[in-house]
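Each chain, written out:
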Amino acid sequence: MLLKSLDEVRVVVNISKATEFPRLATHLAQAEMSFIQPTIGADMYASLISYHNNPATYKITSDLQDNSFTQGSESAGDGDLNLTSEEKSWSMLLFYTQRAIANIALWIGFDSLNAYISDGGFKRSESGNIKGLYKYQEDNIKKYFRSSGIDGLDIILGILEDRIQHFPAYQSQMYRHRGRIIPDTKVFNDHYHINNSRIVFDRLRQYMKNVEDLYLTKYISPASLQYIIAELQKPTPATKVTAIMPYLRDPVAWISTAMLMQDSGSELTERGLYLKGLKNLSNSDLEINTDEARVKELIKRNFSTGDQYLIRLKKYLADNANDWETDAAQPSGLHNRDNTGKRTFFA
């Protein structure tokens, strides 16, 4: 585990010293297994465990130290430690990962941590001097823990991507889509706004591939598409590949978002596929997706916009017919059939 004591937890979230760590530890472990490991991958997670377990590695022990990092100082707060870029990167990654774990654990364990089991069943902890929160206050706190935890996942991915030279265990995972039409969050955000959310982008990957395979190949031949993907894996792709990219990326972005909204029933707000609106305060344990009518309208709009971008792609290919093979991949129409030796009458 990346949080082994209450003291470590208290570095990243503000909780009481009286908190029973064994009760919290169950939820910390669940947060790591359900959120952290799938987000950064098994290899990177194992490397982070090793860094945490090594007593010789530097650890951030307060927000003050973290602030000094984000301001670009080499000092880590107390004393001029002169940390290397690699030491800063690893300690920042650990700090923000621990913070995300703690917030997610408090979210998923909120109800059980606020109760105890007696011979008479589940009871709510309360004393004569300290009263429990109102329901709306509990809802707000739970939403805070949830949003802070999920936002933390994007921060973690940002550290890994921006400082990738220090994290070899994550490189294979990060680079596995380098040769695709849209390789990363920043490029995607240039064509469709997802608030630079790496979480949302990761959910879009499979749909982007579907658009490449099922939509783009109706306009550009599979051989040409494979050539483009191969060129994109090079440090400097061919000029004609660079020139066609805007015409390919726009339909991929708009249609893939429509597909994801269609499957999830959720609007693509910032990390929207994880954060869902509460139905109402009196029944706040039930969660629903974004308003259905709005989602349907967005899906319709995105598919329509994607189709318009495909028309633009078709025109670009026609204007640059010498560069790209298209005849074998044009969409079939009403009259595009083999009538050899047959008579056809159109009324």
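Everything quoted here is computed from the prediction, not taken from an experiment.

K.L.:
Help me understand the overall build of the chain in this model?
P.N.:
Each helix and strand in the chain was counted, giving 13 helices and two strands. Burial analysis of the chain (347 residues in total) assigns 42% to the buried set. The contacts in the chain between residues at least 6 apart in sequence include a share of 69% that link residues at least 24 apart. For the chain, the exposed surface amounts to about 19100 Å²; the carbon and sulfur share of it is 50%.

K.L.:
What should I look at first to understand the pattern of salt bridges in this one?
P.N.:
Oppositely charged side chains can pair when the atoms bearing their charge come close. Tallied over the full model, the rule gives seven salt bridges. Across the pair K209 and D213 runs a salt bridge, and its minimum N-O distance is 2.8 Å. Note that K209 and D213 are positioned in helix α10 (residues 198–214) at a spacing of four residues, about one turn of the helix. A salt bridge links K234 to E231; the nearest nitrogen and oxygen atoms lie 2.6 Å apart. Classification of K234 as partly exposed rests on a relative accessible area of 43%.

K.L.:
I keep staring at the packing of helix α11 (residues 222–232) against helix α12 (residues 239–264) and nothing clicks. Help me out?
P.N.:
The description of two packed helices rests on the angle between their axes and on the distance between the axes. Viewed as axis vectors pointing N to C, α11 and α12 meet at an angle of 110°, and their least axial separation amounts to 11 Å. In terms of orientation, α11 lies roughly perpendicular with respect to α12. Classified by chirality, the crossing of α12 by α11 is left-handed. For the pair α11 and α12, contact is made by Y227, I228, E231 and L232 and by K240, V241, I244, M245 and L248, respectively. Of the residues contributing to the contact of α11 with α12, the split by class is seven nonpolar, no polar and two charged.

K.L.:
Hey, could you run me through the packing of aromatic side chains in this one?
P.N.:
Aromatic ring pairs are defined here through the distance separating the ring centres and the angle between the ring planes. The full count for this structure, using the stated rule, is nine aromatic pairs. Ring geometry for Y247 against Y316: centres 4.1 Å apart, planes inclined by 20°, an arrangement best described as stacked. Of this pair, Y247 sits in helix α12 while Y316 is found in helix α13 (residues 292–319), placing the two residues 69 residues apart along the sequence. Classification of Y316 by relative accessible area gives buried; the value is 13%. Through successive ring pairs, a cluster of aromatic residues spans Y51, W90 and F167. The ring of W324 is capped by K240, whose NZ or CZ atom sits 4.7 Å from the centre of that ring.

About the cut-offs
- Residues numbered from 1 in each chain as written.
- Predicted model: local features only at pLDDT ≥ 70, side-chain atom pairs only at ≥ 80, totals over all residues.
- Heavy atoms only, no water.
- Helix = DSSP H or I, 4+ residues; strand = E, 2+ residues; numbered from the N terminus.
- Buried < 20%, exposed > 50% of the residue type's maximum accessible area, 1.4 Å probe, protein only.
- Contact = heavy atoms within 4.5 Å.
- Areas by Shrake-Rupley, 256 points an atom, 1.4 Å probe, with all protein chains shown as cover.
- Salt bridge = Lys/Arg side-chain N within 4 Å of Asp/Glu carboxyl O.
- Axes fitted to C-alpha atoms, helices over the stretch in contact; angles between N-to-C directions.
- Parallel < 35°, antiparallel > 145°, perpendicular 65-115°, else oblique.
- Left-handed = near helix turned anticlockwise from the far one by under 90°.
- Nonpolar A, V, L, I, M, F, W, Y, C, P; charged D, E, K, R; others polar.
- Phe/Tyr/Trp six-rings, centres within 6.5 Å; stacked < 30°, edge-to-face > 60°.
- Lys NZ or Arg CZ within 6 Å of the ring centre and 35° of its normal.

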